[in-house]
Amino acid sequence: MSSSAQARVRVRVPAKVNVQLGVGGLRPDGFHGLANVFLAVGLYDEVTVTAADRLTVTCSGPDADQVPLDATNLAARAAAVLAERHGLGAPRVHIHIDKGIPVAGGMAGGSADGAGALVACDALWGTGASRDELLEICAELGSDVPFSLVGGAALGRGRGELLTPLPVGGTFHWVFAVAEGGLSTPAVYAECDRLRGDLVIPEPDAAAAVLDALRAGDAAALAAAVCNDLQDAALSLRPSLARTLAVGTGAGALAGMVSGSGPTTAFLTKDEQDADRVAEALRISGTCRAVRVAAGPVPGAVVL
Ligand SMILES: C[C@](O)(CO)[C@H](O)COP(=O)(O)OP(=O)(O)OC[C@H]1O[C@@H](n2ccc(N)nc2=O)[C@H](O)[C@@H]1O
Ligand SMILES: Nc1ncnc2c1ncn2[C@@H]1O[C@H](COP(=O)(O)OP(=O)(O)OP(=O)(O)O)[C@@H](O)[C@H]1O
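Definitions and limits used
Residues numbered from 1 in each chain as written. Chains lettered and ligands numbered in written order. Predicted model: local features only at pLDDT ≥ 70, side-chain atom pairs only at ≥ 80, totals over all residues. Helix = DSSP H or I, 4+ residues; strand = E, 2+ residues; numbered from the N terminus. Rg over C-alpha atoms; globule rule 2.2 N^0.38 Å. Buried ≥ 20, exposed ≤ 12 C-beta atoms within 10 Å, placed from the backbone. Contact = placed C-beta atoms within 7 Å. UniProt positions renumbered as here; feature names shortened; annotations may be inferred. Domains from an automatic or database assignment. Arc of directions from axis to C-beta. Expected span 1.5 Å × (residues − 1). Near = placed C-beta within 6 Å. Nonpolar A, V, L, I, M, F, W, Y, C, P; charged D, E, K, R; others polar. Pairing = 2+ DSSP bridges. pLDDT = per-residue confidence, 0-100. Axes fitted to C-alpha atoms, helices over the stretch in contact; angles between N-to-C directions. Left-handed = near helix turned anticlockwise from the far one by under 90°.

**Quick word on the overall build of the protein chain**
On a plain count of helices and strands, the protein chain comes out with 10 helices and 12 strands. For the protein chain, the C-alpha radius of gyration of 19 Å lies close to 19 Å, the compact-globule estimate for 304 residues. Expressed along its principal axes, the backbone C-alpha trace of the protein chain runs to roughly 55 × 40 × 35 Å. Residues counted as buried form 53% of the 304 residues belonging to the protein chain. Sequence separation of at least 24 residues holds for 76% of the intrachain contacts in the protein chain that already meet a minimum separation of 6.

**Things to note about the UniProt feature "active site" (unreviewed entry) in the protein chain**
The UniProt record annotates "active site" (unreviewed entry) at K16 and D144. The annotated residues occupy 129 residues of the chain but converge on a single region, no pair of C-alpha atoms lying more than 9.0 Å apart. The topology assignment puts K16 in strand β1 (residues 8-26). When residues no more than four places from it in sequence are discounted, the contact partners of K16 are F38, L39, A40, V41, M107, A108, D144 and F147. Examined against the element boundaries, D144 turns out to sit in the loop between α3 (131-141) and α4 (145-150).

**As for the domain arrangement of the protein chain**
When cut into domains, the protein chain gives domain 1 (8-166) and domain 2 (172-296). Each partner contributes residues to the interface: domain 1 has 29 residues there, and domain 2 has 35 residues. For the side of domain 1 that touches domain 2, the secondary-structure elements that each account for two or more residues are β1, β2 (32-51) and β5 (153-157).

**Focus: α3**
Taken as a whole, α3 has its buried residues at L134, L135, I137, C138 and L141. Seen from one end, α3 has its buried residues packed into an arc of 160 degrees, which puts them on one side. Along its buried surface, α3 packs onto α1 (74-85), α2 (109-125) and α4.

**Some details on α2**
Compared with the 24 Å implied by 1.5 Å per residue over 17 residues, the 24 Å span of α2 between its first and last C-alpha is a close match. With 17 of 17 residues buried, α2 lies mostly within the body of the structure. Taken from the residues just after α2, G126 is the one with a positive phi, measuring 65 degrees.

**As for the site of ligand 1**
Residues in contact with ligand 1 amount to 20 residues; listed here are only the nearest, G142, S143, D144, R159 and P186. For the shell around ligand 1, the per-class residue count stands at six nonpolar, 12 polar and two charged. Taken together, domain 1 (8-166) and domain 2 (172-296) each give at least three residues to the shell around ligand 1, which thus spans both.

**What about the pairing of strand β6 (residues 162-165)?**
The pairing of β5 with β6 spans four bridges and is classified as antiparallel. In the strand pairing of β6, R157 is matched with L162. Here β5 folds back onto β6 in antiparallel fashion, the turn holding four residues, of which G158 has a positive phi close to 65 degrees.

**Quick look at the confidence of the model for the protein chain**
Residues with a pLDDT of 70 or more make up 98% of the protein chain, whose mean pLDDT is 96. Confidence estimates for the predicted assembly give a pTM of 0.97 and an ipTM of 0.96.

**Details of the packing of α1 against α2**
As a packed pair, α1 and α2 sit with axes 7 Å apart at the nearest point and diverge in direction by 35 degrees. Along this stretch, α1 crosses α2, giving a crossing that reads as right-handed. Across the interface between the two elements, L74, A75, R77, A78, A79 and L82 from α1 touch G110, S111, D113, G114, G116, A117, L118, C121 and D122 from α2. Taken together, the residues of the contact of α1 with α2 sort by class into eight nonpolar, four polar and three charged.

**Some thoughts on the sheet that holds strand β7 (residues 172-178)**
One open sheet holds the four strands; their spatial order is β9-β10-β7-β11, and the pairing between them is antiparallel. Single-partner strands in this sheet number two, and they are β9 (255-258) and β11 (290-296). Direction aside, neighbouring strands of the sheet carry axes that sit 25 degrees apart on average. Two elements, β9 and strand β10 (residues 265-269), share four bridges in a ladder whose sense is antiparallel. In the strand pairing of β10, A255 is matched with L268. Sitting on the sheet, helix α9 (residues 241-250) touches β7, β9 and β10, and the angle it makes with β10 is about 10 degrees.

Here you go:
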């Protein structure tokens, strides 16, 4: 172990919302080419790692019972990949996840834990992995994981893992309506393909209107430009989301959309006060399980 190793490391990682999710055709490797404009928002998971005899994972928070605690957990996989690459054998670490991001909600909660565990284990073991190596491991773990590491705002090309940071000129205020139960990401992509049938799908590209609105920090312009190509598929699998969207937009949100693969719905508001008003309307509507308010952009994985 190098002298820079620490006894206990805690890392905070944000959720994401996709302000544009342009989905291309199905690639031979089973993924879809994307133009994925990510924004990191202030809902967080905290990943704490401590030295242990063997790999164990625990989880706390309202959705903790839905999180797998075995080797399939993305945080456990991140620890295993880093240990393997650096010749440490099986990872000897206890990972605790304090979960503030809804599980299976289209907000990259598992991805956040993968990125968080990677950064935390790197500090715990003093492996000193470069930023490029961390990003490479993130991409191996999942398409959304690199963005969880970097945060802010970024355009994701390829399957979403090839990131270009984007300038953002202000803070955007969001309300998230967490639906009962999750949606499987592969199932939503498959439903998108099914709905498209034989249509020829052009290569997606980032919309100039989205990039301009982000750069200007202009919520009204962003609201007019947001677009999620997975929304129809998520609504097809979960038609009740239409009612949640109607409540949020009826209460004055500038825009309402499905977050990523859903079933969380995301509402962009003018300011913090409007966010509170929209949140209250959603809370009393009975159309969702929980409501969260968060702003972005925020930084990616940060050691606390
Ligand atoms: C919906 C999004 O959250 C939007 O950011 C992501 O595209 C999903 O990213 P993720 O959860 O990290 O997904 P991965 O773990 O990489 O892939 C899970 C599954 O989702 C589908 N998938 C994912 C990403 C992509 N560009 N095309 C796909 O078709 C594939 O069926 C894949 O097997
Ligand atoms: N650390 C983790 N936290 C939550 N789920 C995890 C984790 N590791 C693995 N999973 C599995 O991943 C599935 C998807 O959970 P996750 O919360 O990442 O969904 P998501 O936010 O919809 O993902 P994305 O937006 O990246 O598509 C869960 O049903 C769970 O079985």
